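Here is how the chains run, residue by residue.
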Amino acid sequence: MPRSTAPAKPSAPTASVLPAPRFATAWAALVYAVATLALGYPALAGKFLVNPNSDQYIVGYAFREFAAHSLKGGHGFPLWNPYLFGGVPYVAGMAGDIFYPTFLLRLLLPADVGMTWGFIIHVFFAGLFTYLFLRALGLGFWGALVGGLAYMMGGNVAGLVSPGHDGKLFVSALLPLALLLVHRGVRDGRAWAWGGLAITVTLGVLSPHPQLLQYLLLVCGAYALFIALSAPSSGGTALLKPLAIRRLVFAGTAIALGLLGGAVQFAPLLEYTPWSPRAGGAGWEHAISYSMPPEEMINFYLPHFSGILRSYWGRNGIHLHSEYIGAAVLLLAGLAFGTPSPRRRTVWFWTGTLVVATLWALGGYTPFFRLVYAIVPGTDYFRAPSTMLYVVSFCVAVLAGVGVERALAGLVRPRYLIAWVGAGLALALLATTGGLTNLAMTFASPQSLDRVDANAAALTGGAWRSFLFVAAIAGVLFALIRGALPARTAGALLAVVVALDLWTVERLYWQFSPRADALYASDAAVDYLKRIPQPGRVAPIALGNMTSTTRDTYLGSGEGKSSGFMIQRVRSVVGYHGNELGRYDQLVGWPSEEGDWPNRITSPNLRRLTNLRYLYTNVPQAQVPVPLAGVRLVAGPARNVAGNTVYLYEFPEDNPAAWVVPLAIKVPDDQVLGTLFDQRFDVRRAALFDPQTEVATQPVPPSLPEPTGVSARVTRWEPGYISFALDRPAPAGAALVVSENYYPGWVATVDGKPAAVGRADYVLIGVGLPAGARQVDLTFTSPRYQMGKMITLAVLAIALLALVGGVVLERRRREPPRDAAGGVGRAGGAAGSAPDGERVAS
């Protein structure tokens, strides 16, 4: 039948050189489980998989433990986090995998144990899903097995545990699953694939790592077009245009449904975006930050070139990850090219994707990223284009799987292996003679030359290590060529060498720490803060040199960029977040490189506005370098968990959590900060409200009235719930100012009746008080979250119904028709029709 009139047959694996073993998928899963546990076996003894310099250590654990505590206490998902930066919306501000299924691990297990196994499970799934995708492409068992190992154990997947980038790892594991479902749906017309694809995309949205999800969707879209418009590698013809378009529409609908399924996370986020420090995008310089320097492509083969972890000397300030793809893997990937084969279209598609992804990862180092920045939505919000490296690794893993297939088919040329061995030996000798170290010095900054020199021995050893694995792969293939090894044995040895090659490097990135209760242990100063009867915030600032060798979970890197106080349920003026309220940053002058934090704590008005009552630092009072007259030592000196000697000081003035002002006035935003930091202005005498507030205000008088003298005692302060009792009736026209960040969703009642809430003093909560008011209750709500939750549940129900319905439909199509007597008819239903009912070419 002509190509223009017949649709393609559904793809089926081409005949492999070697038959797959019985229970092939189960054997592959076992191999991937062993490989994963070879990296993560300390988890079996209860160790916590966290690098002490990673985001997970600094704040990731705090976010997750906070939500797990709320869920275990029967309070549901928390909507408000009061412990960092004056209070932050928890869901809208993004706090990790709040709704991703890994939250169930933390619900059933201690938070640190659940986090550890969340990493381990997804490394395993990255390998298994890659194997299943490669099998769907038609690769045999050994090629698919090696491809899965190459992807899951490579630095751009397994290495993500070191920086604690769980969201990146989740999306990396979902990429091959999404491609598998696209393949089954578009190429094979499997009805169940659309529901599965919608669920997978929803999981990607909930990961939540929108940047890597964007990359996943771009790759899936390109692959869908490729298989819809080209003939399958396994033989047959391309899909007819109407059929291809229909299946592409189904794929697009499934993806759109999946994106909608993330509404529980992104509906609140979209509302929050104008309040974020990243509102409006962050510009070109932000977008190209953490691009991969071109010289670090050498790390694909030689991971020690730019230094591993503490030995890193390169141009990116933070480098806790690994770019290592694998010397053995790269050799095998090169075998995918050569004499024409039925897989040439697949090889060239993934080669093209590899080139584009590599250029993307280089970011600002090539003109290509200018095109990306101009045409790809959202690029100005993201940074670190080097995160595209997981796509690079996946492309190479696919090519390596094809290379193994060609090798086992006897399509290896000895001169190719000789060239690899020669090149590997030359690089090892170049490293031994100092040539690679000299090359590194041409890229390093003057401040990094000492680290380059200190890395020379590791670089030499690493070059010989890579050479040995190249030689091992070459030895196996030479033996195969000469008939000294059966193909099945050769396939097994290739898998073992690839796994060992990657394990010897990535094991360095799997750093285990003691359990969380020891890692974030309290100290005498923190214990004092936990006992204070009324809420008060603390400013953690290292005013002297820190003696600890690891990052201090309470002092952070010196300016409180950490979350230890949140874990102890103590409110901090600052902390570590990355998406706190932008207005609050402006108020306190954060971060310090852009403002004048920590010098602003010398302002009594800032301390009053932020409920700042304590200073947690590491120097005795006589050595405090900023003018803080009247502070008194209330706890310490004490040795904290990081090994630093700490002191807790109390500021002299009363800085309550809320105060009653006699006057509420409207003031334009551009005048508020200047007024608040004018030492002549007393924040207790007037509240400066947003001009659009619904709180009743008065005209600006010639002079401000005296403070009311009414005190507000806190009777409840929990995440999203605050209550005050006034010690005397409020006067007419008064307002309550609460030292907690205002955000839409705060609702108030005064003596049980609804009251107006507005933004006061630039960023705080202001509540209008009727005359005689005595009791004020505040509750944080999120209509966007409630709406998003209903949408997510509805989408998941629809997608699950489509998945189950598709499975049932497929089974019915495969059942042969029966005659009237109940016997099997002669016209088998499966042989003459495609899965979606279209006739196929005969």
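Chains are numbered independently. Their residues run from 1 in the order of the written sequence. Totals for whole chains, interfaces and linings use all residues, but because this is a predicted model, local features are given only for residues with pLDDT of at least 70 and pairs of side-chain atoms are given and counted only at 80 or more. Values shown for side chains rest on all heavy atoms present in the structure; no hydrogens or waters enter the calculation.

(A) Expanded view of helix 19 (residues 456-481). With 26 residues, helix 19 ought to run about 38 Å at 1.5 Å a step, and its terminal C-alpha atoms sit 37 Å apart, in line with that. Immediately downstream of helix 19, the backbone of Gly483 shows phi near 80°, a positive value. Put simply, DSSP H or I for four residues or longer makes a helix, DSSP E for two residues or longer makes a strand, and each gets a number counted from the N terminus. Expected span of a helix: the number of residues minus one, times 1.5 Å.

(B) Structural view of the sheet that holds strand 15 (residues 746-750). Strand pairing is defined by DSSP finding a minimum of two bridges between the two strands. Across the sheet, 5 strands lie side by side as 12-13-19-15-16; this open sheet has antiparallel pairing. In this open sheet, the two edge strands, each paired with only one partner strand, are strand 12 (712-718) and strand 16 (753-755). Going from strand to strand, the sheet's axes swing by 25° on average, the running direction of each strand aside. Pairing analysis gives 6 bridges linking strand 12 to strand 13 (residues 721-726), with the strands arranged antiparallel. Following the sheet pairing, Arg716 is matched in strand 13 by Ser723. Only the contacting stretch of a helix is used when fitting its axis, a line to C-alpha atoms as for every element, and angles between N-to-C directions run 0 to 180 degrees.

(C) Structural view of the pairing of strand 13. For each residue, the accessible area found with a 1.4 Å probe, counting protein chains only, is set against the maximum for its type, and the residue is called buried under 20%, exposed over 50%, and partly exposed in between. A large share of strand 13 lies buried, amounting to 5 of its 6 residues. Hairpin connection from strand 12 to strand 13: 2 residues lie between these consecutive antiparallel strands, with Gly720 at a positive phi of about 85°. Looking at chain direction, strand 13 and strand 19 (residues 775-780) are connected through 5 bridges and run antiparallel. Bridging across to strand 19, Tyr721 finds its partner in Thr779.

(D) Highlighting the packing of aromatic side chains. What counts as a ring pair is set by centres within 6.5 Å for rings of Phe, Tyr and Trp (its six-membered ring), and what kind of pair is set by the plane angle: stacked under 30 degrees, edge-to-face over 60, tilted for all other angles. Following the criterion strictly, the structure yields 49 aromatic pairs and no others. Aromatic side chains Phe133 and Trp350 sit 6.1 Å apart centroid to centroid with 85° between the ring planes, which places their arrangement in the edge-to-face category. Of this pair, Phe133 sits in helix 4 (residues 111-137) while Trp350 sits in helix 13 (residues 344-362), and the two are 217 residues apart along the sequence. Each member of the pair, Phe133 together with Trp350, is buried. With a centroid separation of 6.3 Å and 45° between ring planes, the pair formed by Tyr301 and Trp420 is classed as tilted. Note that Tyr301 is positioned in the loop between helix 11 (283-288) and helix 12 (327-334) and Trp420 in helix 16 (residues 414-432), a separation of 119 residues in sequence. The two residues Tyr301 and Trp420 agree in class, both being buried. Aromatic ring contacts, followed pair by pair, group Trp80, Tyr272, Trp275, Tyr742, Tyr743, Trp746 and Phe780 into a single cluster. Placement of a charge over a ring requires the Lys NZ or Arg CZ to be within 6 Å of the ring centre, with the centre-to-atom vector within 35 degrees of the ring normal. We note Arg507 situated over the ring of Trp503; from NZ or CZ to the ring centre the distance is 5.3 Å.

(E) Layout of a nonpolar patch on the surface. The residues that make up patches have over 30% relative accessible area and no salt bridge, and they are joined within 9 Å when like-charged or within 5 Å when they are Val, Leu, Ile, Met, Phe, Trp or Tyr. In short, Shrake-Rupley with a 1.4 Å probe defines the accessible areas, and a residue's cover is counted only from the protein chains shown. By definition, a salt bridge exists where a carboxyl oxygen of Asp or Glu is found within 4 Å of a side-chain nitrogen of Lys or Arg. Judged by side-chain polarity, Phe23, Trp27, Leu30 and Val34 come together as a nonpolar surface patch covering roughly 450 Å² of accessible area. Structurally, Trp27 is set in helix 1 (residues 24-40). Among the residues examined, Trp27 registers a relative accessible area of 47% and is labelled partly exposed.

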